[in-house]
Amino acid sequence: MVKLTMVGRVSEGLPLAQGTRYVSNEENESLSFYKQQGELILKEISRGALPHSKMTIRVDHQYCFNYLVENGIACIALSDSSYPRKLVFHYLQDLQKELQKFDSSLVEKITRPYSFVGFESVIGNIRKQYIDTRTQANLSKLNANRKQDLDIVTENLTEILSRRRNSVLHEITSSSSSSPSSTPRAVSSIWGSPRLEVIAMKWTPITIILVVLVVVSWASLIMADSIVISSLY
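Residues numbered from 1 in each chain as written. Predicted model: local features only at pLDDT ≥ 70, side-chain atom pairs only at ≥ 80, totals over all residues. Heavy atoms only, no water.

Caption draft 1: Here's a closer look at the packing of helix 2 (residues 85-99) against helix 5 (residues 136-143). With their axes 9 Å apart at the nearest point, helix 2 and helix 5 run at an angle of 110° to one another. Considering the angle they form, helix 2 stands roughly perpendicular to helix 5. Residues Lys86, Leu87, His90 and Asp94 of helix 2 form the contact with helix 5, whose own contacting residues are Asn138, Lys141 and Leu142. In terms of residue class, the contact of helix 2 with helix 5 is made up of two nonpolar, two polar and three charged. (Axes fitted to C-alpha atoms, helices over the stretch in contact; angles between N-to-C directions. Helix = DSSP H or I, 4+ residues; strand = E, 2+ residues; numbered from the N terminus. Parallel < 35°, antiparallel > 145°, perpendicular 65-115°, else oblique. Contact = heavy atoms within 4.5 Å. Nonpolar A, V, L, I, M, F, W, Y, C, P; charged D, E, K, R; others polar.)

Here's what the structure looks like:
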């Protein structure tokens, strides 16, 4: 069944509303992690890294994400991997239809995450229709247009995360090459870690100055003693 639902605006990747979490107490903590993944998927859709209007993203052996983008709004659902994908997309399509009943200017004025609370009850009501996959309505949806699943792109979340990391590294490298002053310093093998290198960079100059002062003072004392001894003779 659907465990988590998220509705977001694609233009800036802002999550507008979410459905109630339908999980046990044991699953609730791990679901917070999946929510973060859903928000990341929304950001990836926003920046054009996921250009498909609908897609299935396999998370692990237990869950997968499905999303549907229409009219600048992305509806994302986390469901059990065993739950029929076709029903998930019918569910997402029903959410999109309900969104069209709201004043678009009202939705566009939302600036705070998850502040579209008026849509949360809509999500809950539609979700109830898809809990039992054996109802006549759901069986009809499953049997209709069996080729529909072939049009849905499927990808693993690990592949998306890998592309994201490579993109970030590329941005850092490009920024570094264009701005020499911001080039990251390589960690010296002498210190073995960035933290030790920072400490060394901070205290080494001070230590050198103190050593120089001690040497100069010691040399001055030696010279003074030499002058005193010479005067005695």
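Caption draft 2: Molecular detail of the nonpolar core. Within the largest apolar cluster, 26 residues are counted, with the highest numbers of intra-cluster contacts made by Tyr91, Leu92, Leu95, Phe116 and Phe119. Counting residues per element, the ones that place at least two in this core are strand 1 (2-9), strand 2 (14-18), strand 5 (73-80), helix 2 and helix 4 (120-128). The element contributing the most residues to this core is helix 2, with seven residues. Leaving out residues up to four positions away in the same chain, Tyr91 has contacts with Val2, Thr5, Ala77, Ile123, Ile126, Arg127 and Tyr130. Ranked by size, the runner-up nonpolar core spans 22 residues in total, among them Met6, Leu31, Tyr67 and Ile76. (Core = buried A, V, L, I, M, F, W, Y, C linked by side-chain atoms within 4.5 Å. Buried < 20%, exposed > 50% of the residue type's maximum accessible area, 1.4 Å probe, protein only.)

Caption draft 3: Just the environment of Val59, in detail. For Val59, the position within the fold is in the loop between strand 3 (54-58) and strand 4 (63-70). Judged by its relative accessible area of 16%, Val59 is buried. For the pair Val59 and Thr158, spaced 99 residues apart in the sequence, the C-alpha separation amounts to 7.6 Å. In contact with Val59, not counting residues within four places along its chain, are Tyr34, Gln37, Cys64, Phe65 and Leu157.

Caption draft 4: Helix 4, seen in detail. For helix 4, the complete set of buried residues consists of Val122, Ile123, Gly124, Ile126 and Arg127. Summarising the contacts, the buried residues of helix 4 are in contact with strand 1, strand 2 and helix 2.

Caption draft 5: Quick look at the pairing of strand 1. Most of strand 1 is tucked away: eight of the eight residues are buried. As defined by bridge partners, strand 1 adjoins strand 5 across seven bridges and the pair is classed as antiparallel. Its bridge partner lying in strand 5, Gly8 is registered against Ala74. Following strand 1, the chain reverses through four residues before pairing antiparallel with strand 2; Gly13 in that reversal takes a positive phi of roughly 70°. (Pairing = 2+ DSSP bridges.)

Caption draft 6: The pairing of strand 5, seen in detail. Among the eight residues in strand 5, eight count as buried, and that is most of the element. Sheet topology places strand 4 next to strand 5; eight bridges connect them, and they run antiparallel. If you follow Tyr67 over to strand 5, its bridge partner there is Ile76. Counting the residues in the hairpin turn of strand 4 and strand 5 gives two residues, including Asn71, whose phi is positive at 55°.

Caption draft 7: Geometry of the pattern of salt bridges. A complete count under the given rule lists six salt bridges for this structure. Here Arg47 and Glu44 are joined by a salt bridge, their closest N and O atoms 2.7 Å apart. Overall, the relative accessible area of 38% leaves Arg47 in the partly exposed class. Glu44 serves as the salt-bridge partner of Arg164, at 3.6 Å between the closest nitrogen and oxygen. Of the two residues, Arg164 is situated in helix 6 (residues 157-178) and Glu44 in helix 1 (residues 25-46); the sequence distance between them amounts to 120 residues. Shared partners join several salt bridges into a network, and the residues in it are Glu44, Arg47 and Arg164. (Salt bridge = Lys/Arg side-chain N within 4 Å of Asp/Glu carboxyl O.)

Caption draft 8: Structural view of the environment of Leu4. Mapped onto the elements, Leu4 comes out in strand 1. Residue classification places Leu4 among the buried residues on the basis of a relative accessible area of 3%.

Caption draft 9: View of a nonpolar patch on the surface. On the surface, Val168, Leu169 and Ile172 cluster together to form a nonpolar patch covering roughly 240 Å² of accessible area. As for its position among the elements, Ile172 is in helix 6. (Patch = residues over 30% accessible without salt bridge, like charges linked within 9 Å, V, L, I, M, F, W, Y side chains within 5 Å. Areas by Shrake-Rupley, 256 points an atom, 1.4 Å probe, with all protein chains shown as cover.)

Caption draft 10: Representation of the packing of aromatic side chains in the model. Across all of its chains, the model carries six aromatic pairs by this definition. Plain terms: the ring middles of Tyr34 and Tyr63 are 4.9 Å apart, the flat faces sit at 80° to each other, and that makes the pair edge-to-face. You can see Tyr34 sitting in helix 1 and its partner Tyr63 sitting in strand 4, a full 29 residues away along the chain. A single burial state applies to Tyr34 and to Tyr63, both of which are buried. By the ring-pair criterion, three or more aromatic residues cluster together here, those being Phe33, Tyr34 and Tyr63. (Phe/Tyr/Trp six-rings, centres within 6.5 Å; stacked < 30°, edge-to-face > 60°.)

Just distances and angles here, no functional claims.
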